[in-house]
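# Coordinate analysis (summary)
Residue strings, one per chain:
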Amino acid sequence: MFEEDRIQQDSPAWVAFVQICFAISLGSTALGVIFLPVNLWVKGYLAMGLLFTVGSTIILSKTLRDQHEARKLIKRIRDAKTEKILTEFEKVS
């Protein structure tokens, strides 16, 4: 009943690439904030903004993925209903 070939899976190399890029971008931005020649409260404000931006990005990507998955499920249900209607129509004809 469950078709594994219909599930899109990323390669391990792609997952590693994405994780490394995320770590590098977050680390370099954090280092930039740490070594910025400004007062400590300004660094704290920028660090807080960085953390909120990262958190919001993660939440946004999860929400978009969930919406996409829901649309795929609705499409599969619609396709199954259409197939059932066509099958019943062919039996009557």
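A short tour of the structure in this document, coming up.

Conventions and cut-offs
Residues numbered from 1 in each chain as written. Predicted model: local features only at pLDDT ≥ 70, side-chain atom pairs only at ≥ 80, totals over all residues. Heavy atoms only, no water. Helix = DSSP H or I, 4+ residues; strand = E, 2+ residues; numbered from the N terminus. Rg over C-alpha atoms; globule rule 2.2 N^0.38 Å. Buried < 20%, exposed > 50% of the residue type's maximum accessible area, 1.4 Å probe, protein only. Areas by Shrake-Rupley, 256 points an atom, 1.4 Å probe, with all protein chains shown as cover. Lys, Arg positive; Asp, Glu negative; His and termini not counted. Charge placed at Lys NZ, Arg CZ, Asp CG, Glu CD. Patch = residues over 30% accessible without salt bridge, like charges linked within 9 Å, V, L, I, M, F, W, Y side chains within 5 Å. Salt bridge = Lys/Arg side-chain N within 4 Å of Asp/Glu carboxyl O. Phe/Tyr/Trp six-rings, centres within 6.5 Å; stacked < 30°, edge-to-face > 60°.

### Here's the deal with the overall build of the protein chain
The helix and strand inventory of the protein chain stands at 2 helices and 0 strands. The C-alpha atoms of the protein chain give 23 Å as radius of gyration, which overshoots the globular expectation for 93 residues (12 Å, by more than 25%). Reported as C-alpha extents along the three principal axes, the dimensions of the protein chain are approximately 80 × 25 × 15 Å. For the protein chain, with 93 residues in total, the buried portion stands at 3%. Per element, the accessible surface of the protein chain, about 8600 Å² overall, is 69% carbon and sulfur. In the protein chain, 12 positive and 10 negative side-chain charges are present, and the distance between their average locations comes to 8 Å.

### Describing a nonpolar patch on the surface
There is a patch of nonpolar side chains on the surface, built from Leu36, Val38, Tyr45, Leu46, Met48 and Phe52 and spanning about 580 Å² of accessible area. Here Tyr45 shows up in helix H2 (residues 40–92).

### A look at the packing of aromatic side chains
This structure, assessed with the given rule, holds 1 aromatic pair. Pairing Trp14 with Phe17 gives two aromatic rings, centres 5.5 Å apart and planes at 35 degrees, and the pair type is tilted. On the criterion of helical spacing, the pair formed by Trp14 and Phe17 is a turn pair, its members being 3 residues apart in helix H1 (residues 12–34). Taking relative accessible area as the criterion, Phe17 reaches 46% and is therefore assigned partly exposed.

So far we have only geometry, and geometry alone does not tell us how the molecule works.
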